[in-house]
Amino acid sequence: MHTRLLTLLAALALTGGATASAQYYEIANQIPNLITPALQGGFNYKGFIEAEYLHGVGDNSCDFFGISTVQGFRYSSWFFMGAGLGVQYVHTSPAEDWQPTYYPGNAINRSSRSGCMVPVFTDFRFNIGSPKGISFFADVRLGASFLVTNSDLRINEGYITNNEYFYLRPSIGIHIPVNPEKNTSAFNIGISYQLLTANYWDSWQRNTTLNALGVNASYEW
């Protein structure tokens, strides 16, 4: 009885192992089939160029004027993923009674009310509705933004002192195809929210967030 049971368990183990090996082999064989179309443009390469304006909200408010580009692949009629790079001119709003009291060193020479930031991000875009007509989109950018000017940014009653920021910018809007029959190029108009984390210095040093709301317009091909 025990011999038969052990024989049966061994047979099941061998069968399961063979099945798992076959599945792993099948998955391994499918990987080139997934990668090759992307390399050859089979996933429908797409590019975007976008202009945006974002107005700061909250106590530590900054205004942003930016232009960016995104390159990637449309994996289906409703999903796109790519990588992007942008340039943003940022203008800050210090308090009216701003005084360089708590800032170490020479506050006047080391700070400015304007600067340049470079966001680098991954872009996820979802289209909602028929691609042959006016439809809706939802877009999420996630990455990092870098302050490329030498001076810190003077804001509210203190200063933004770090050069690297966490970057998040979700958007929603309208997708307008140029040629509904070909469905290759389109204009997009949307509203967006941007969040940046920052190292903030006033009477002490701490972390803060920069929040902004705005509009964007893009062309895709």
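The structure contained in this document is the topic of the report that follows. (Residues numbered from 1 in each chain as written. Predicted model: local features only at pLDDT ≥ 70, side-chain atom pairs only at ≥ 80, totals over all residues. Heavy atoms only, no water.)

1. Side note on the pairing of strand β9 (residues 164–177)
A regular strand carries its side chains on alternate faces of the sheet.
Step number 1: In this structure, strand β6 (residues 135–147) lies alongside β9, joined through twelve bridges in antiparallel fashion. Bridge pairing links Ser145 to Tyr165 in β9. (Pairing = 2+ DSSP bridges. Helix = DSSP H or I, 4+ residues; strand = E, 2+ residues; numbered from the N terminus.)

2. Concerning the pattern of salt bridges
Step number 1: Following the criterion strictly, the structure yields seven salt bridges and no others.
Step number 2: The residue Glu220 makes a salt bridge to Lys46 at a minimum N-O spacing of 3.1 Å. Of this pair, Glu220 sits in strand β11 (residues 205–220) while Lys46 sits in strand β1 (residues 45–57); the two residues are 174 residues apart in sequence, bridging distant segments of the chain. Taken individually, Glu220 and Lys46 each receive the classification buried, so the pair is uniform in this respect.
Step number 3: Note that Arg169 and Glu50 form a salt bridge whose closest N and O atoms lie 2.6 Å from each other. Of the two residues, Arg169 sits in strand β9 while Glu50 sits in strand β1, which places them 119 residues apart along the sequence. (Salt bridge = Lys/Arg side-chain N within 4 Å of Asp/Glu carboxyl O. Buried < 20%, exposed > 50% of the residue type's maximum accessible area, 1.4 Å probe, protein only.)

3. Let's talk about the packing of aromatic side chains
Step number 1: Counted under the stated rule, the structure contains eleven aromatic pairs.
Step number 2: With a centroid separation of 5.3 Å and 40 degrees between ring planes, the pair formed by Phe79 and Phe126 is classed as tilted. In this pair, Phe79 is assigned in strand β3 (residues 79–92) and Phe126 in strand β5 (residues 114–128), connecting sequence segments 47 residues apart.
Step number 3: With relative accessibility at 32%, the residue Phe126 sits in the partly exposed group.
Step number 4: Feature note: the residues Tyr75, Trp78, Phe79 and Phe126 constitute an aromatic cluster, connected by ring pairs.
Step number 5: The lysine or arginine in question, Arg125, covers the ring of Phe137, its NZ or CZ lying 4.5 Å from the ring centre. (Phe/Tyr/Trp six-rings, centres within 6.5 Å; stacked < 30°, edge-to-face > 60°. Lys NZ or Arg CZ within 6 Å of the ring centre and 35° of its normal.)

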